[in-house]
Amino acid sequence: MRGAGFQSIVVLTGAGISAESGVPTFRGPDGLWEGHRVEDVATPQAFRRDPALVQAFYDARRAALARVAPNPAHDALARLDAEWSGNLLIVTQNVDDLHERAGAARMVHMHGELKSALCLACGERQEAPETLSDGPACTRCAAHGRLRPDIVWFGEMPYHMDRIEAALAACDLFVSIGTSGAVYPAAGFVQGARHYGAHTLEINLDPSEGTHFFDEARHGRAGELVPAWVDELLQR
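Remember, it's a predicted structure, so these values are computed and weren't measured experimentally.

A few points about the nonpolar core
- Core analysis: the biggest nonpolar cluster contains 24 residues, and Val-11, Leu-77, Leu-80, Ile-177, Val-226 and Trp-229 have the highest contact counts within it.
- Among the elements of the structure, strand E1 (8-13), helix H5 (72-83), strand E4 (87-92), strand E9 (173-177), strand E10 (199-204) and helix H9 (222-234) are those that each provide at least two residues to this core.
- It is H9 that provides the largest number of residues to this core, a total of six residues.
- Within the second largest apolar cluster, 18 residues are counted, among which are Val-10, Leu-89, Phe-189 and Val-190.

Topic: the environment of Thr-200
- Counting through the fold element by element, Thr-200 comes out in strand E10.
- Residue classification places Thr-200 among the buried positions, given a relative accessible area of 0%.
- In sequence terms Thr-200 and Val-23 are 177 residues apart; their C-alpha atoms lie 26 Å from each other.
- The contact partners of Thr-200, leaving out residues within four places of it in the chain, are Phe-174, Val-190, Ala-193, Arg-194, Phe-213, Phe-214, Asp-215 and Glu-216.
- Reaching out from Thr-200, the side chain makes a polar contact with the backbone nitrogen of Asp-215 at a distance of 2.9 Å.

Quick notes on the pairing of E1
- Of all six residues that make up E1, six are buried, and the element is covered over most of its length.
- As defined by bridge partners, E1 adjoins E4 across six bridges and the pair is classed as parallel. By the bridge assignment, Ser-8 is partnered in E4 with Asn-87.
- Bridge count between E1 and E9: five bridges; the pairing is parallel. By the bridge assignment for E9, Val-10 is matched with Phe-174.

So, how was this worked out
- Residues numbered from 1 in each chain as written.
- Predicted model: local features only at pLDDT ≥ 70, side-chain atom pairs only at ≥ 80, totals over all residues.
- Heavy atoms only, no water.
- Core = buried A, V, L, I, M, F, W, Y, C linked by side-chain atoms within 4.5 Å.
- Buried < 20%, exposed > 50% of the residue type's maximum accessible area, 1.4 Å probe, protein only.
- Helix = DSSP H or I, 4+ residues; strand = E, 2+ residues; numbered from the N terminus.
- Contact = heavy atoms within 4.5 Å.
- Polar contact = N/O pair within 3.5 Å; in protein donor to acceptor, adjacent residues only side chain to side chain.
- Pairing = 2+ DSSP bridges.

Note that all results are geometric; they support no functional claim without further evidence.
Given below as structure tokens:
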């Protein structure tokens, strides 16, 4: 694959790219996320039922970010961002900040960010303090105890969908990295990109549930395959 034929790229990243940095995948083989049922920590109903549990869970996930670092796959995408002269949008399903720490800038978090908080009183998004469990005040409206994790939970609408859909319609290369192909709407992005004529590539540890939708698939560790793909793409 050479980059000369492409003008606009959309890259989708999922839990698999951050797993190689030591970030736990969203749901383990036992169906639990860090020892909790997803229904107990990742739904609006769970937050209304037991806000203390949910706040403590995300406080712990936020603190854990200090123990992980970007891996070569994150670094390679940051290099692509810096050196690719065409259009690029990195769409991540991950709520960690490893893409930013590697240096990527042309990107969006469709499922929110651990380091962001959302005020239920005024709707302001702001940098999350170290802990939300003690009910800190909103920096805009000063309401206490009204900040929640700025995470898209099950039953909520992903962020930036208009921008993502426009990018998918305009891209001529769509690449999915480290995704299961099971969580919608992200799992449907490959079909949307193909509908508009884009070439599609999957890079994943194993074949995903949607591998058959892709024109090309490369299976193995993201930390090895993504840098090789970026090197190949940037060759002139």
